[in-house]
Amino acid sequence: MLHLQRTTSDNPDFTHLVTLLDAHLWTVYPETQAEYDTFNVIEKNDTVVIAYQDDVAVGCGCFKKYDLETVEIKRMFVHPDSRGLGLAHLILDDLEKWAAELGFSYLLLETLPKQLSAISLYSKRGYKRIKNYGPYVELPDSICMRKAI
């Protein structure tokens, strides 16, 4: 059985999944992760979605306010054993709905070139590549995307 839960960054399941995500990123990007790691810190966040499969946390994502109209999608991750089930679509869908419920009009995100499945997911969902924004302006490996809700 699969279900989503809206929660906060204090949720220990979120903390565990983010730890797995960070370990994955260090494996894939050992040469640049130290620089990118500083952008992945999630302070207190009240807009976290966790996917559970048979009551086990298997995926997550969150967003944070970027400006008055825009949120930034962060910490999207699905455990490797649960990939291919459409969980990333479900998580992203709920994050987008939640942002709209809170009155935001746009979503931003940043990913990296080796994250081919993520780039494909975001493109299928209507995200368009944009010039690098905010902390990613000087980071040529970043792929930044935007979508209107």
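Heads up: the structure comes first, above all this text.
What counts, and at which threshold
Throughout, residues of each chain are indexed from 1 in the direction in which the sequence is written. With the structure being a predicted model, the display of local features is reserved for residues of pLDDT at least 70 and the display and counting of side-chain atom pairs for 80 or more, all residues being used for whole-chain, interface and lining totals. The side-chain numbers reported here are obtained from all heavy atoms of the structure, hydrogens and water having been left aside. Secondary structure elements follow DSSP: runs of H or I of four or more residues count as helices, runs of E of two or more count as strands, with numbering from the N terminus. For the exposure calls, accessible area comes from a 1.4 Å probe over protein chains only, and a residue counts as buried if that area is under 20% of its type's maximum, exposed if over 50%, partly exposed in between. Note on contacts: a residue pair is in contact if any heavy atoms of the two residues lie within 4.5 Å. Like charges are joined within 9 Å and nonpolar side chains (Val, Leu, Ile, Met, Phe, Trp, Tyr) within 5 Å, but only among residues with over 30% relative accessible area and no salt bridge; these make up the patches. Note on areas: Shrake-Rupley, 1.4 Å probe, and residue coverage restricted to the protein chains presented here. What makes a salt bridge here is a side-chain nitrogen of Lys or Arg within 4 Å of a carboxyl oxygen of Asp or Glu, nothing more.

1. Quick notes on the environment of Ser 105
Here is step 1 of the chain: Inspection of the secondary structure puts Ser 105 in the loop between α3 (87–101) and β5 (106–111).
Here is step 2 of the chain: Its relative accessible area of 29% is what places Ser 105 among the partly exposed residues.
Here is step 3 of the chain: In contact with Ser 105, other than residues within four places in its own chain, are Glu 69, Lys 147, Ala 148 and Ile 149.

2. Overview of a nonpolar patch on the surface
Here is step 1 of the chain: Together, Leu 2, Leu 4 and Leu 90 line one region of the surface with nonpolar side chains, adding up to about 210 Å² of accessible area.
Here is step 2 of the chain: Position of Leu 4 relative to the elements: it lies in strand β1 (residues 2–7).

3. Re the pattern of salt bridges
Pairs can form between side chains of opposite charge once their charged atoms are near each other.
Here is step 1 of the chain: Summed over the entire model, instances satisfying the criterion amount to 10 salt bridges.
Here is step 2 of the chain: A salt bridge links Asp 94 to Arg 6, with the shortest nitrogen-to-oxygen separation between them at 3.0 Å. Pair noted here: Asp 94 is in helix α3 and Arg 6 is in strand β1, with a separation of 88 residues, a long-range link.
Here is step 3 of the chain: Classification of Arg 6 by relative accessible area gives partly exposed; the value is 33%.

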